[in-house]
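Coordinates in review
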Amino acid sequence: MAKSHTPEVTLAARKVKILATLGPASANPEMIGRLLRAGADAFRVNMSHGDHETHARTIAAIRAAEKDFGRPIGILCDLQGPKLRVGIFQEGRTVIRHGSHFTLDRDPTPGDETRVCLPHPELFGILQKGQRLLIDDGKLRLRVIRADDNEILCSAEVGGIISDRKGVNVPDAVVPVPALTEKDRRDLAFAVEQGTDWVALSFVQRPEDVAEARRLMGGYGALVAKIEKPAAIDRLEEIIELADGIMVARGDLGVELNPEEVPPLQKRIVAATRRSGKPVIVATQMLESMIESPAPTRAEVSDVANAVYDGADAVMLSAETAAGAWPEEAVTIMHRIATQVESDAGYGERVHFTDVRPDATTADALAEACAQITQTLPIAGVIVFTGSGSTARRVARERPGVRILVLTPSIKTARKVALLWGAYPVHTKDIGSFEEMIAKGRRMALRHGFGTAGSKLIALAGVPFGTPGATNLLHVVTLTGDELKRHAG
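Residues numbered from 1 in each chain as written. Predicted model: local features only at pLDDT ≥ 70, side-chain atom pairs only at ≥ 80, totals over all residues. Heavy atoms only, no water.

**Digging into the overall build of the protein chain**
Tallying secondary structure elements over the protein chain gives 17 helices and 22 strands in all. Since a compact globule built from 489 residues should have a radius of gyration of about 23 Å, the 24 Å found for the protein chain is in line with a globular shape. Of all 489 residues assigned to the protein chain, the portion counted as buried reaches 55%. Within the protein chain, counting contacts between residues at least 6 apart in sequence, those at least 24 apart form 68% of the total. By element, 52% of the accessible surface of the protein chain is carried by carbon and sulfur atoms, the whole surface being about 20400 Å². (Helix = DSSP H or I, 4+ residues; strand = E, 2+ residues; numbered from the N terminus. Rg over C-alpha atoms; globule rule 2.2 N^0.38 Å. Buried < 20%, exposed > 50% of the residue type's maximum accessible area, 1.4 Å probe, protein only. Contact = heavy atoms within 4.5 Å. Areas by Shrake-Rupley, 256 points an atom, 1.4 Å probe, with all protein chains shown as cover.)

**Examining unusual backbone geometry**
Here the phi dihedral of Arg165 falls at roughly 60 degrees; this positive angle occurs in a residue that is not glycine. Within the chain, Thr284 stands out as a residue other than glycine whose phi angle is a positive 90 degrees.

**With respect to the sheet that holds strand 6 (residues 101-105)**
The strands that make up a sheet are held in pairs by hydrogen bonds between backbone atoms, and each pair lies either parallel or antiparallel. Read across the sheet, seven strands follow the order 4-12-8-9-10-6-7 without closing on themselves; strand pairing throughout is mixed. Looking along the sheet, the strands with just one partner apiece sit at the ends: strand 4 (84-85) and strand 7 (115-117). In this structure, strand 9 (residues 140-147) lies alongside strand 10 (residues 151-158), joined through six bridges in antiparallel fashion. Considered in strand 10, the bridge of Ala147 is made with Ile152. (Pairing = 2+ DSSP bridges.)

**Concerning the packing of aromatic side chains**
Per the stated rule, a full pass over the model turns up two aromatic pairs. Pairing Tyr309 with Tyr347 gives two aromatic rings, centres 6.4 Å apart and planes at 50 degrees, and the pair type is tilted. With a gap of 38 residues between them, Tyr309 in helix 9 (residues 298-309) and Tyr347 in helix 12 (residues 347-351) connect regions that are remote in the sequence. Accessibility assignment for this pair places Tyr309 and Tyr347 in one class, buried. Their ring planes at 65 degrees and their centres at 5.8 Å tell us that Tyr424 and Phe450 sit as a pair that is edge-to-face. Taken as a pair, Tyr424 in strand 20 (residues 423-427) and Phe450 in the loop between helix 16 (434-447) and strand 21 (456-462) lie far apart in primary sequence, 26 residues in all. On the basis of relative accessibility, which here comes to 12%, the residue Tyr424 falls in the buried class. Above the ring of Phe124, the side-chain terminus of Arg106 is found at 5.7 Å from the ring centroid. For the cation-ring pair, Arg403 lies above Phe450, with the distance from its terminal atom to the ring centre recorded as 3.9 Å. (Phe/Tyr/Trp six-rings, centres within 6.5 Å; stacked < 30°, edge-to-face > 60°. Lys NZ or Arg CZ within 6 Å of the ring centre and 35° of its normal.)

**Concerning the sheet that holds strand 18 (residues 379-385)**
The mixed open sheet is built from five strands, whose spatial order is 20-19-18-21-22. The open sheet is flanked by strand 20 and strand 22 (471-478), the only strands paired with a single partner. For this sheet, the mean inter-axis angle between neighbouring strands, taken without regard to orientation, is 20 degrees. Of the strands in this sheet, strand 18, strand 19 (404-408), strand 21 and strand 22 touch helix 14 (residues 390-397), which is tilted by about 150 degrees from strand 18. Across the face of the sheet, helix 16 comes into contact with strand 18, strand 19, strand 20, strand 21 and strand 22 while running at roughly 50 degrees to strand 22. (Axes fitted to C-alpha atoms, helices over the stretch in contact; angles between N-to-C directions.)

**Looking at the pairing of strand 20**
Most of strand 20 is tucked away, with four of its five residues classed as buried. Sheet topology places strand 19 next to strand 20; five bridges connect them, and they run parallel. Following the sheet pairing, Leu405 is matched in strand 20 by Tyr424. This β-α-β element, strand 19 to helix 15 (residues 411-417) to strand 20, shows right-handed connectivity. (Right-handed = clockwise from strand over helix to strand, strands pointing away.)

Here you go:
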């Protein structure tokens, strides 16, 4: 790929981030470059598909594009998680009639229209009369009549065709399965070895699931908890506290809940995560029709727009970019929707519907002051100097009316920040004094389009430099417009 000298015009005004999944339709270097030009900020590698060799090539291609484009790019590895499935059938498939009885048992013999093996012994004995079992993403709905250690007798509330190894959802019980399967453990070790920035943990049910994954990560990378099980909602605050970020994974969440329950839950999860100051991603079926069509439906456009209005840090594309016919167009459309929403005169008011109150710390007080100053003065941007990214997260939590130029000596921090609302990360050399901080901040602001001659910016940092969590300094600077020339001279 030829060296790109194209300025980041696609990212010039947008604060919400676009997370694009890579797959057969997009994992080649040329398409990765096209997706970045269209507006992608970070990439998701779905560990449910493909092998480690394929994923290693994809990650290497992203890192090569990062060098080519000259900006940090985040990589999120999404673990498959414990997926429950039925066994196989004599004919490969059968039909369960509406209102009929159907049994799930532990007999490995191929099934028929009356029964099938459920190769998950942990489910037997925990299910109770009246609880639901959803098959094939909820296309078939069974209600438990009787359950013991060997059989689960159900009535078919919604029947239909069932085939080999279709997925099973159990929305009414906490399933006693580990959040990490043996495959997940291997994939997690691979993600850490490859130096990926984020790991997404699927089917989180309880905070202990997050704690186990974090222990296995050994302090490397950041952990996203995917909220897709109703059981997770009951302990949402605890899960948010332990995770580094949250994903609203509406696929399985929409299967296990009534459809009308998902939108208010989405807003609740986004608001709770925003209050914590951690990034929140809204995912699944955002532009689903663009898997096959070059244009989205109006309902899909509204769905993306609502997530942006709610102040989500990132919106995610799944099969649209991984396996769809129009990956570049899907990113382009998502960028256009987000840009249009953020230019709406009512956006600032809507994005602050969530009441985010600062903690009683100097850093939080200064972050809140940043947001207030942007409402009073014509501020072009906020410059944040950070080693860990915590200052950037604090500023982003307040959703200021301007973007945040995040300067960090840590490439790992720069890549993680790529998923943070409003943050424009730049990997740069460390600073050692207040004067150096201000001079570098001015140059970087001018170089990356955060203002011109006469523009005012807020600089936020901690003194003494190099001390994590010591944010205690706020300074308003004015660009003269010749900072780059003077530095070169």
